[in-house]
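Structural description and commentary
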Amino acid sequence: MASELNKLMIAEASAMLRRREISALQLTRDCLERIAAAEPKLHAFITVCEKEAIEQARQADARLAAGDNDMPALCGIPLAIKDIYATKGVRTTCASRILESFVPPFDATVIERLRSDGAVFVGKTNMDEFAMGSSTENSAFGPTLNPHDTGRVAGGSSGGSAAAVAAHECLGALGTDTGGSIREPASFCGVVGLKPTYSRVSRYGVIAYASSLDQVGPFARSVRDAAIILRTLAGKDHRDSTCSARAVPDYERALTGDVKGLRIGVPKEFFVEGMDPEVEKSVRAALKHYESIGASTVEISLPHTGYAIAAYYLVATAEASANLARYDGIRFGLRVNAEDNIALNETTRAKGFGAEVKRRIMLGTFALSAGYYDAYYLKGQKVRTLIRNDFERAFQKCDLIVTPVAPTTAFKLGEKMNDPLTMYLSDIFTISVNLAGLPAMSIPCGYDSKHLPIGMQLIGPPFSEETILRAGDAFERIGATKPRATAI
Amino acid sequence: MASGRRLFDEATDMDLAECYDLRGIKRRTPAAAMAETKITLEQVRHVARLARLRLSADEEERLRADMDEMLAYVDKLNELDTKDVAPTAQVGEAGMPMRDDEVTNQPAADAMLANAPSRERNYFKVPKIIE
């Protein structure tokens, strides 16, 4: 590998592209070379788009050569896209056998926006099938490995995007987050992962898992880079009626480094028994760093935290069972032929879905079925209200809440695969944020004694992305957590 | 770990008492699970029919056990009194935005049918429904 431009931050690469010090083609080729070298050990991608990426890079170079000053920051920047986004003409599998050969005839709104900015797509990344999982082990195409230790998981469900960014296979990536699927893999792989406020970003063309919880967001190697990507993603879309019409701020301008007077809430329920002491120590040290630059900390209470996972697995699986009804073997995707239409549906779905997807469809169908709706689904929605109210009360006392992202660092491959409930519990600190629809970001805050990254979660009130990004960037400026080279 | 609590890993096959895992989460021993089944094999088969999933005998048994454990776990929600709590269905901004009803796309039958597992002219083809 000659120039290693793939190791640049987006902000740096963007400035160098404008000054014509580097070309988008060089930058893209360095990413593709790194992908070719790293993929046999990592498996972050389901589909690598070499030919398309080279063509997009050439177009970006032509645009940069024409040189207007309002050139979008992402022009010529190589990104990786979770394989849950519809990409016109490029296979989109959602890591499922049922969509193994599906080629969308259209782009998701966010893909369209990135394209019009001139971004380069190096490929589609691996994930848990239909975004259901916390380790990317539920992919029909095999797991993604953690670039810091290939005996461990990358986290999930957006594990491929997190690993690709950590291993310098691209400069940034897109993920989706329904219960922690951006933040947990970001934490496990040592990168920045941002889940915006519910409704901040359009989900049009994003394959649905649980529609009242799903949100789109970026992975990057710095908070600034995440802010740059979010600027392009966010904003009204008439094709997604849940998407907010609020104006989109220039997030990069919020990165002033100043957190004086910021009140950081620390929920007592989040530092519970069962948490890895090294994770707790690292997050507590980060809080001290915040105090050293003028922020204050205050203990808060989120009393219903312990009920979040139970509420989530009723609400999310119920919505999933409805969303996944469309995979019937008739209009697109896999078909297994049978004697009649119902048998065709049943055998297609039996063959096309993996074990975890079947488990969630079954639980969700049960929770919605006659006689059980009130006891399960409605109860879950009511507890969701209590969890939202907890956060509303907490934000009267603080501007941001800081917690660990996950109770542990990356766990070993296979460690939790035979125990679904234990796997679900790895999302204990992230899931309540989705139930309340809040924005939250995972940023690296240290390493444990096994050299595995530790992530800190910053949670804010609705539409407080600027505050979250400002606080995350201020922490990076302290320089307490030096990014470490990956093992591969 | 609070002292005096029985650990899940230490429970015997005959154990019916409450026990906890290393995180302090209440778990049921397999014996306790058998004693208070949340979902029967017959119910699993009914739900599978509703969900249009053809399950093997092994899958039915495995799913029964997994669903049983999850349903026992979500029972903890019954510790909360929610009689006067309104349910949350959506957390986005209230209201449904209006827009003009304008055609913005063009008919593209070939593009739409390109992913069809089976087609004939501009139709999706399925097994015969009516004799």
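Given the structure is predicted, the values throughout are model-derived calculations rather than measurements.

What counts and how
- Residues numbered from 1 in each chain as written.
- Chains lettered and ligands numbered in written order.
- Predicted model: local features only at pLDDT ≥ 70, side-chain atom pairs only at ≥ 80, totals over all residues.
- Helix = DSSP H or I, 4+ residues; strand = E, 2+ residues; numbered from the N terminus.
- Buried ≥ 20, exposed ≤ 12 C-beta atoms within 10 Å, placed from the backbone.
- Contact = placed C-beta atoms within 7 Å.
- Pairing = 2+ DSSP bridges.
- Axes fitted to C-alpha atoms, helices over the stretch in contact; angles between N-to-C directions.
- Nonpolar A, V, L, I, M, F, W, Y, C, P; charged D, E, K, R; others polar.
- Core = buried A, V, L, I, M, F, W, Y, C linked by C-beta atoms within 7 Å.
- Expected span 1.5 Å × (residues − 1).
- Arc of directions from axis to C-beta.
- Bend = angle between axes of the 7 residues up to and from the residue.
- pLDDT = per-residue confidence, 0-100.

Assigned secondary structure in chain B consists of four helices and four strands. For chain B, the succession of helices and strands along the chain, N to C, is β-β-α-α-α-α-β-β. Here chain B, with 131 residues, has 17% of them falling under the buried criterion. For chain B, restricting intrachain contacts to residue pairs at least 6 apart in sequence, the fraction spanning at least 24 positions comes to 21%.

Okay, the overall build of chain A next. When helices and strands are counted, chain A shows 15 helices and 13 strands. By principal-axis analysis of the C-alpha atoms, chain A measures approximately 65 × 50 × 45 Å. By the burial criterion, 62% of the 488 residues in chain A qualify as buried. For chain A, the proportion of contacts with a sequence separation of at least 24, taken over those separated by at least 6, is 76%.

What follows is about the sheet that holds strand β10 (residues 296–300) of chain A. Sheet strands associate in pairs through backbone hydrogen bonding, adopting either a parallel or an antiparallel arrangement. Residue and element names in this part refer to chain A. Taken in spatial order, the eleven strands line up as β1-β3-β2-β6-β8-β7-β12-β13-β11-β9-β10 in an open sheet, and their pairing is mixed. At either margin of the open sheet sits one strand with a lone partner, and together these are β1 (45–48) and β10. Strand after strand, the sheet turns through a mean of 30° between neighbouring axes, direction not considered. Sheet topology note: the strand β9 (residues 263–267)/strand β11 (residues 400–404) ladder contains two bridges and is parallel. Paired with G265 across the bridge in β11 is I401.

All names here are of chain A. Two elements, strand β4 (residues 145–146) and strand β5 (residues 149–153), share two bridges in a ladder whose sense is antiparallel. Opposite L145, over in β5, you have V153 as the bridge partner. The antiparallel pairing of β4 with β5 creates a hairpin that spans two residues between the two strands.

As a further point, take the interface of chain B and chain A. By a widely used convention, the size of an interface equals the accessible area lost when the partners come together. Taken together, the contact between chain B and chain A spans 48 residues of the former and 56 residues of the latter. If you list the elements that add at least two residues to the side of chain B that touches chain A, you get α2 (41–50), α3 (57–74) and α4 (109–113) of chain B. If you tally residues by element for the side of chain B that touches chain A, the top one is α3(B), at seven residues. By residue class, the composition of the side of chain B that touches chain A is 33 nonpolar, seven polar and eight charged.

With that settled, consider unusual backbone geometry. Residue and element names in this part refer to chain A. Looking along the chain, the bond that leaves G156 and enters S157 is cis, with omega of 10°. For S157, the position within the fold is in the loop between β5 and α5 (159–166). We note that E4 has phi near 55°; this positive angle belongs to a residue other than glycine. By the secondary structure assignment, E4 is in the segment before α1 (10–18). A count of 11 C-beta atoms within 10 Å places E4 in the exposed class. Phi is positive for C94, which is not a glycine, with a value near 55°. With 29 C-beta atoms packed within 10 Å, C94 lands in the buried category.

In globular proteins that are soluble, nonpolar side chains generally tend to be buried together. All names here are of chain A. Among the nonpolar cores identified, the biggest contains 171 residues, and L79 and A311 are the most heavily contacted of them. If you tally residues by element for this core, the top one is helix α9 (residues 308–323), at eleven residues. With residues near it in sequence (within four places) discarded, L79 still touches L114, A119, V120, F121, C170, L171, G172, A173 and L174.

Residues spaced three or four apart along an α-helix point in a common direction, a consequence of the helix completing one turn every 3.6 residues. Residues and elements named next belong to chain A. Between its first and last C-alpha atoms helix α3 (residues 50–66) spans 25 Å; for 17 residues at 1.5 Å apiece the expected length is 24 Å, and the two agree. Buried within α3 we find A53, Q56, A57, A60 and D61. Buried residues of α3, seen end-on, are gathered within an arc of 145° and therefore sit on one face of the element. Residues of α3 that are exposed and point over 90 degrees away from its buried face: K51, A62, A65 and A66. In this fold, the buried residues of α3 make contact with α2 (24–42), β2 (78–82) and β3 (120–125).

Moving on: helix α12 (residues 374–394) of chain A. Between its first and last C-alpha, α12(A) extends 29 Å over 21 residues, near the 30 Å set by a 1.5 Å rise per residue. Most pronounced at A:G380, the bend in α12(A) amounts to some 25°. Taken together, the buried positions of α12(A) are A:Y376, A:Y377, A:K379, A:G380, A:Q381, A:K382, A:V383, A:R384, A:I387, A:D390 and A:F391. The secondary structure elements touched by the buried residues of α12(A) are α9, α11 (355–368) and α14 (431–436) of chain A together with α3 of chain B.

Of all residues in chain B, 76% have pLDDT values of 70 or greater, and the mean over the chain is 83. No element of chain B has a lower mean pLDDT than helix α1 (residues 30–35) of chain B, which averages 54, and none a higher one than α2(B), which averages 97.

Turning to the pairing of strand β8 (residues 215–220) of chain A, a few remarks are in order. Residues and elements named next belong to chain A. Most of β8 is tucked away: six of the six residues are buried. The pairing of strand β6 (residues 172–177) with β8 spans six bridges and is classified as antiparallel. By the bridge assignment, G175 is partnered in β8 with G217. The pairing of strand β7 (residues 192–195) with β8 spans two bridges and is antiparallel. Along β8, the bridge assignment pairs V192 with A220.

Residues and elements named next belong to chain A. With respect to the helices, strands and loops of the structure, R97 is situated in the loop between β2 and α4 (109–117). Taking the C-alpha atoms as reference, R97 lies 7.3 Å from L334; in sequence the two are 237 residues apart. Those residues in contact with R97 that lie beyond four places of it in its chain are A140, L334, K351 and G352.

Turning to the environment of A:K482, a few remarks are in order. Structurally, A:K482 is set in the segment after α15 (465–478). Put simply, A:K482 and A:T109 are 373 residues apart on the chain and 35 Å apart in space, counted from C-alpha to C-alpha.

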